[in-house]
Amino acid sequence: MIINMSIHELRVTTGFVCALLTIGLLTQACASGSDDVEAVTATSSADSSTETDLYASLPSGSYQGEEFNILNNTSNFAYTSMDFEEQTGDVLDDAIYARTRAVEERLDVDILVSDQAWDANLSAIRAQIMSGDDVYDICFNEVKQLVLGFEPGMFVDVNTIDEINLDMPWWNRPAIDSINIGQTIYYLFGDLHLMLYECYSPIVYNRSLAAELGIEDLYDTVIAGDWTLDLMHECMTASTADLNGDTRVDAEDRFGISIHSHIIPSFFTAGDAFLVTMDGDNMPQYDGISDRFLSIYEKLSSGMLSDKSSVFSTSTSGSGSLGSGDESMYNIFLVGRAMFYVDPLGSIKRMRDADFEVGILPLPKFDESQDEYLSHLHGFASAMIIPSTNADLELTGTVLENLCAESYRTVKPVYFDKTLDFKYAKDERSTEMLDIIFENGNFDIGVTYGWGGLSEAVLSAVQAGNSNLMSAVASLESKFIDEMNEAIEAYK
């Protein structure tokens, strides 16, 4: 059974951090470190027997100081740190430091992390495999880079490692299942690496402006299940204004939304519409553009994301006055001239600098009849792979399971409580929204793998306001199917 915990439940487990570590490092950090660590580790109580049972089946061993080498990818927008040489005084950094030391002490291993830029890791992984050298036991890189560079024989199927139990709550099974093909599992997501959480796609909005314009409390709307594409479009329209009165669309006006083009697929995922569906054997299949997908497309392309007077982008006249490139899209929101801003969570944490009240929302449903809010996971989330050159899978499985479990127990609560709640989502109602955002996260495998360029064509057609999606993608469907089938064969 997969055990899911909300942010509120995570707070409950936080009080056991110091007591449950097998060494006293985190306790030492609590005593000599920042007040933040003390606050996180001493706030609540829970059933300790339940907590103990959860970790009772962790694999164990003593490896006489054997090295365990990790190749980590760094990011230009997300938190990706996996270890530190010493405590830094930052509550999250120090939780990661203590996590790693605890597992080293427990298993008598020496965990070494090598950091490298995301666009260099795939080459390093390939070089290791081609040379046959057992340099890194595990490697991280953006999953989109990994799937595009995959060849049979590169990675280890995790199903062959008995020490890894993907049914435990420190592994993100929905994310794993939505990106792997068939029954083999090459790409892993778990609490060991926080970049997955940084790649969920929520919406931030200007709550102060919404109140000024008489827009209903959108938190109430979300809880009632009524936060939909149509309602979001209405809010965007109500917010759009020619502030400087020059009758031209420029960066001095107010917009309904500021959004990067790569975010557009998120609205299809949130509306439970995918280019590719998965059958009972987790094999991708394409049956053409579904009616639901087409309905969402029509909503987005008929004005919601194609109306240049309501959608701010880097092509908006005068955008350069707000910063170069993508910075202008962030800054138009920060100066109060956009109702909504959509970006991965790792980017929107900067909103704590806003001088107005910022709210956070899940992406909207297709309509009120949709059961749940769904979150899109971006393809630049870090996946973990085990290179086929790994010579000790028993050690790898044992270390990984312990690192992920310790991260779930000690790092994840700090990340949620401190990095999220108190730095930009400052109230309990925002915390409710975060619970909803993290509850259901999925990749769109057709978007992440990029087969046939079909998803890019959909994105371009939305922005252009093309009223005929079928004609826009017709010439790409055969290529899409061919590349999808090639991937299926490669992963068998």
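All figures in this text were calculated on a predicted structure; none of them were measured in a lab. (Residues numbered from 1 in each chain as written. Predicted model: local features only at pLDDT ≥ 70, side-chain atom pairs only at ≥ 80, totals over all residues. Heavy atoms only, no water.)

With that settled, consider the environment of Ile125. Relative to the helices and strands, Ile125 resides in helix H7 (residues 118–131). When the C-alpha atoms of Ile125 and Leu146 are compared, they prove to be 9.6 Å apart, with 21 residues separating the residues in sequence. For Ile125, the residues in contact, after removing those within four places along its chain, are Leu71, Cys139, Leu146, Phe155 and Ile385. (Helix = DSSP H or I, 4+ residues; strand = E, 2+ residues; numbered from the N terminus. Contact = heavy atoms within 4.5 Å.)

Below, the discussion takes up the pairing of strand E5 (residues 255–259). The element E5 is extensively covered by neighbouring structure, given that five of its five residues are classed as buried. Of the pairings in the sheet, the one linking E5 to strand E9 (residues 338–342) comprises four bridges and is parallel in character. From the neighbouring strand, Ile259 faces E9, where its bridge partner is Val342. In terms of strand pairing, E5 meets strand E8 (residues 311–312) through two bridges, oriented parallel. Of the residues in E8, the one forming a bridge with Ile257 is Val311. (Buried < 20%, exposed > 50% of the residue type's maximum accessible area, 1.4 Å probe, protein only. Pairing = 2+ DSSP bridges.)

Glancing now at the sheet that holds strand E1 (residues 66–74). Judged by pairing direction, the sheet is mixed, and its four strands sit side by side in the order E2-E1-E3-E12 without closing on themselves. Only two strands of the sheet have a single partner each, and these edge strands are strand E2 (109–117) and strand E12 (382–385). Within the sheet, the average angular offset between the axes of one strand and its neighbour, ignoring direction, is 20 degrees. Running over the sheet, H7 touches E1, E2, strand E3 (138–142) and E12 and is turned about 120 degrees from E2. (Axes fitted to C-alpha atoms, helices over the stretch in contact; angles between N-to-C directions.)

In this structure, Tyr187, Phe267 and Phe340 are the most contacted members of the largest nonpolar core, which totals 155 residues. With eleven residues, helix H18 (residues 393–421) is the single largest residue contributor to this core. (Core = buried A, V, L, I, M, F, W, Y, C linked by side-chain atoms within 4.5 Å.)

Note that Asn121 resides in helix H7. Among the polar contacts made by the side chain of Asn121, one reaches the main-chain carbonyl oxygen of Asn72 at a distance of 3.5 Å. Residue contacts for Asn121: discarding those within four places in its chain leaves Leu71, Asn72, Asn73, Gln116, Phe140 and Asn141. (Polar contact = N/O pair within 3.5 Å; in protein donor to acceptor, adjacent residues only side chain to side chain.)

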